[in-house]
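Each chain is listed here by its residues.
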There are 2 protein chains.
Amino acid sequence: MSPPSKPARRSRRGSGAVTLHDVARLAGVAPITASRALRTPERVSDEVRAKVLQAVARTGYVPNLMAGGLASTRSRLVAAVLPTIAAPVFLDYAQSLTGALAEAGYQVMVGQAGYAGTREDALLEAIIGRRPDGIVLTGIVHSAEGRKRLLASGIPVVETWDLTPTPIDMLVGFSHEEVGRAVARYLHGKGRRLPAVLAGDDARARRRFEAFRAEALALGLAEPPVAVVTTPTTLRHGREGLARLLRGRRIDSVFCSSDLLAMGALTEARVRGVRVPEDLAVVGFGDLEFSGDTSPSLTTVRIHGAEIGRHAARFIVERAEGRDPGPRIIDLGFSVIARESA
Amino acid sequence: MSPPSKPARRSRRGSGAVTLHDVARLAGVAPITASRALRTPERVSDEVRAKVLQAVARTGYVPNLMAGGLASTRSRLVAAVLPTIAAPVFLDYAQSLTGALAEAGYQVMVGQAGYAGTREDALLEAIIGRRPDGIVLTGIVHSAEGRKRLLASGIPVVETWDLTPTPIDMLVGFSHEEVGRAVARYLHGKGRRLPAVLAGDDARARRRFEAFRAEALALGLAEPPVAVVTTPTTLRHGREGLARLLRGRRIDSVFCSSDLLAMGALTEARVRGVRVPEDLAVVGFGDLEFSGDTSPSLTTVRIHGAEIGRHAARFIVERAEGRDPGPRIIDLGFSVIARESA
DNA sequence: GTGAAAGCGCTAACAC
DNA sequence: GTGTTAGCGCTTTCAC
């Protein structure tokens, strides 16, 4: 069958899917021309464009983005790392990040940093291996080793939900310390003198409540008792935590590290006949979608998650398209939303 | 320098990152041997393995998964399509899906079907273009065109959160009709005779409440008034919806299409002095993480989201590794969780 | 405006 | 156990 001088063609057929070559052959042009007709239609003649589009329609051709990414060293893929997907605070953020990137033609790969068995370096390796056009880190405390790998990869990195003094690359966030201080001042302004803290055991919650405590003391408030619960925080944790706090010395207000904790505190207070806000002022953190619609409605801290997502997306896209994204650090701040509970 | 018959080498250097060739050269072996040392270490000699690993460590080499995927036609990427990321019902599901796939060495790409401007075919094209090893669809009503494209792509597809008569490929879900009927029977069993419905305007919620209505009528209950709200549902919708229902003819129970709606109904009832469950029984859907910890705690329907995610992950992984995943349709059922609100 | 050639970085197939 | 070769499907570079 095969000529003696030429060994038989090794069969290695790939996916079997329609390729650009098939489209080009059908349209009667070179593959590169078909490629141009699809990616830069203004650079080919009307006639060629029409023939190629017709061939695409006829064959159902879908470009292989892995091949395109390999050849162009642009993957149009962005990695997003979250502590955990299952935390409602990140919903708006994740949605706007994914949405804004999708609109710009990028797809999002998600990684959970906190998931059991996912060591940070394994996660980073899996991400870098895909050669994404950008990496969005969500409030990650990354090891020195991790920072080094990210830096070495040369991939644009956006850190979010925080304001570190030394960002790896770009940063969109707000100051957790400022949040703590603002809440202390807010409660002080409302005449509260016996604050308490109900907080998850993650690093950022800790920084908020440490700053809260310091500011409270500076304002002459009592030393706040602290109930720490495991992250991710839940309504149940909020109920249990408040119950614990109420067993201790008298308090007239509580700063919770999440709205879920605050909802739990609200619930527990109601069940025990503790009036909110008369007997106890409750402040949350996160301003979940429903925090304004509970009864009493929740006073909380809004952190502009959707906007963080949009800015992060913009950072990545600008850099990927070779434009200057402007200032590398954005402090989006936060707002204390005064409602009924405090 | 270069022989006259051969034109000078064109420069085309890629990402500039360390490649397998670099590692191989440093280790003094052929590239394919370095590849084997990393992917199938048991098939190379101890000596070679050690040398390669040392070269990897020295260079900080991270394999390019796009290149590997292109060569092997296995991307180790799975696409997950959600109606929207910002719906708490999907939290457990998304987390377990991502986690289970990550453990098996797969990464997850997310797509939002409901996001403004994302037409279904554009989303599918973006997904298929990546040649993922699997696609997990979340309760999507896909067009005939979409089904055709998916089928033509040859990529394993898992549809979830539903039980369609004709799945594209594999399926893990539960029956929305059965849910509606079970809740009707539950309320009937509790002596309720004047049911109402408070539902989002998506297709699956509609199917639940149509079945609920039919079963209620069959059981001799009154024709239920229906308040429809826009999806995604919120606590505020729940409050407004219940207020609307209370303005109509008398009711003694309400079946809500999400726990968030039910929470809103609970809140509105309390504010209006309507006692739950004495005056009004409230049943939700979804069993959110905190639904058991409100006061009154919420009677609802649990739908095993985490398990759906795990099964979907298993389906994809088994198929990707060439094993038989077993039965292609899994009905995970649901449970009516009886708590205080009904 | 169009095309030929040469890779992007890796692995499957086939030797030895 | 290790190496050679030929791609995977696309885009870049350079030439016409």
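A. Region of interest: the overall build of chain A. Helix and strand counts for chain A come out as twelve helices and twelve strands. Dimensions of chain A, computed from the C-alpha atoms along their principal axes, are close to 95 × 40 × 40 Å. Buried positions account for 49% of the 342 residues belonging to chain A. Within chain A, contacts between residues at least 6 apart in sequence are counted, and of these 68% link residues at least 24 apart.

B. The protein's contact with DNA strand D, seen in detail. In the neighbourhood of DNA strand D, 32 residues make up the surrounding shell, with Gly14, Thr19, Leu20, Ser35 and Ala71 of chain A lying closest. Secondary structure elements with two or more residues in the surface near DNA strand D: α1 (20-27), α2 (31-39) and α4 (65-72) of chain A together with α2 (31-39) and α4 (65-72) of chain B. Counting residues per element, the surface near DNA strand D draws most heavily on α4 of chain A, which supplies five residues. Tallied by class, residues from the surface near DNA strand D come to 15 nonpolar, ten polar and seven charged.

C. Examining the interface of chain B and chain A more closely. Counting from both sides, the interface comprises 55 residues of chain B and, opposite them, 54 residues of chain A. Taken together, the elements giving at least two residues each to the side of chain B that touches chain A come down to α4, α5 (91-103), β2 (107-112), α6 (120-129), α7 (144-153), α10 (235-247) and α11 (259-272) of chain B. Here the side of chain B that touches chain A takes eight residues from α5 of chain B, the largest share from any one element. When strand β2 (residues 107-112) of chain A meets β2 of chain B, the two strands line up antiparallel, connected through three bridges. Looking across to β2 of chain B, one finds that Val108 of chain A is bridged to Val110 of chain B.

D. Structural view of helix α6 (residues 120-129) of chain A. Along α6 of chain A, the positions that sit buried rather than exposed are Leu123, Leu124, Ala126, Ile127 and Ile128 of chain A. The elements touched by buried residues of α6 of chain A are β1 (77-82), β2, β3 (134-138) and α7 (144-153) of chain A together with β2 of chain B. After α6 of chain A finishes, the residue Arg131 of chain A shows a positive phi value of roughly 50°.

E. Focus on the nonpolar core. Ranked by internal contacts, the top residues of the largest apolar core, which has 94 residues, are Leu97, Val136 and Val158 of chain A together with Leu97, Val136 and Val158 of chain B. When near neighbours in sequence (up to four residues on either side) are disregarded, Val136 of chain B contacts Val78, Ala79, Ala80, Val81, Leu97, Val158, Thr160, Ala312 and Ile316 of chain B.

F. Inspection of the packing of helix α8 (residues 176-189) of chain A against helix α9 (residues 203-218) of chain A at higher detail. Residues and elements named next belong to chain A. At a closest axis distance of 7 Å, the pairing of α8 and α9 adopts a crossing angle of 40°. By the angle between their axes, α8 is oblique relative to α9. As for how α8 packs across α9, the hand of that crossing is right-handed. Along its contact with α8, which presents His176, Glu177, Val179, Gly180, Arg181, Val183, Ala184 and Arg185, the element α9 presents Arg204, Arg207, Arg208, Phe209, Glu210, Ala211, Phe212, Glu215 and Ala216. Along the lines of polarity and charge, the residues of the contact of α8 with α9 split into seven nonpolar, two polar and eight charged.

G. The environment of Leu171 of chain B, seen in detail. Residues and elements named next belong to chain B. Position of Leu171 among the secondary structure elements: in strand β5 (residues 170-173). With 35 residues separating them in the primary sequence, Leu171 and Val136 have C-alpha atoms 9.4 Å apart. Not counting the four nearest positions on each side in its chain, Leu171 is found in contact with Val158, Glu159, Leu163, Thr164, Arg328, Ile329 and Ile330.

H. View of the sheet that holds strand β6 (residues 195-200) of chain B. Residues and elements named next belong to chain B. The strand order across the open sheet formed by four strands is β7-β6-β8-β9, and the pairing between neighbours is parallel. Looking along the sheet, the strands with just one partner apiece sit at the ends: β7 (226-229) and β9 (281-283). Strand-to-strand, the axes of this sheet are offset by a mean angle of 15°, without reference to chain direction. For β6 and strand β8 (residues 253-256), the ladder comprises four bridges, and the chain directions are parallel.

I. Representation of the sheet that holds β2 of chain B within the structure. The strand order β11(A)-β5(A)-β4(A)-β3(A)-β1(A)-β2(A)-β2(B)-β1(B)-β3(B)-β4(B)-β5(B)-β11(B) describes an open sheet built from twelve strands, whose pairing is mixed. Among the strands making up the open sheet, the edge pair consists of β11 (329-331) of chain A together with β11 (329-331) of chain B. Put simply, the sheet's adjacent strands are angled 20° from each other on average, direction ignored.

J. The domain arrangement of chain A, seen in detail. Its domain assignment divides chain A into domain 1 (20-57), domain 2 (77-174 + 307-332) and domain 3 (176-303). A C-alpha centroid distance of 36 Å is found between domain 1 of chain A and domain 2 of chain A.

K. Region of the structure containing the pairing of β8 of chain B. Residues and elements named next belong to chain B. Side chains of β8 alternate between two faces, with Ser253 and Phe255 and Val254 and Cys256 buried alike. Note: β8 against β9, three bridges, orientation parallel. Bridge assignment links Val254 to a residue of β9, and that residue is Val282. After leaving β8, the chain enters α11 and then returns to the sheet as β9, a path that is right-handed.

What counts and how
Residues numbered from 1 in each chain as written. Chains lettered and ligands numbered in written order. Predicted model: local features only at pLDDT ≥ 70, side-chain atom pairs only at ≥ 80, totals over all residues. Helix = DSSP H or I, 4+ residues; strand = E, 2+ residues; numbered from the N terminus. Buried ≥ 20, exposed ≤ 12 C-beta atoms within 10 Å, placed from the backbone. Contact = placed C-beta atoms within 7 Å. Near = placed C-beta within 6 Å. Nonpolar A, V, L, I, M, F, W, Y, C, P; charged D, E, K, R; others polar. Pairing = 2+ DSSP bridges. Core = buried A, V, L, I, M, F, W, Y, C linked by C-beta atoms within 7 Å. Axes fitted to C-alpha atoms, helices over the stretch in contact; angles between N-to-C directions. Parallel < 35°, antiparallel > 145°, perpendicular 65-115°, else oblique. Left-handed = near helix turned anticlockwise from the far one by under 90°. Domains from an automatic or database assignment. Right-handed = clockwise from strand over helix to strand, strands pointing away.

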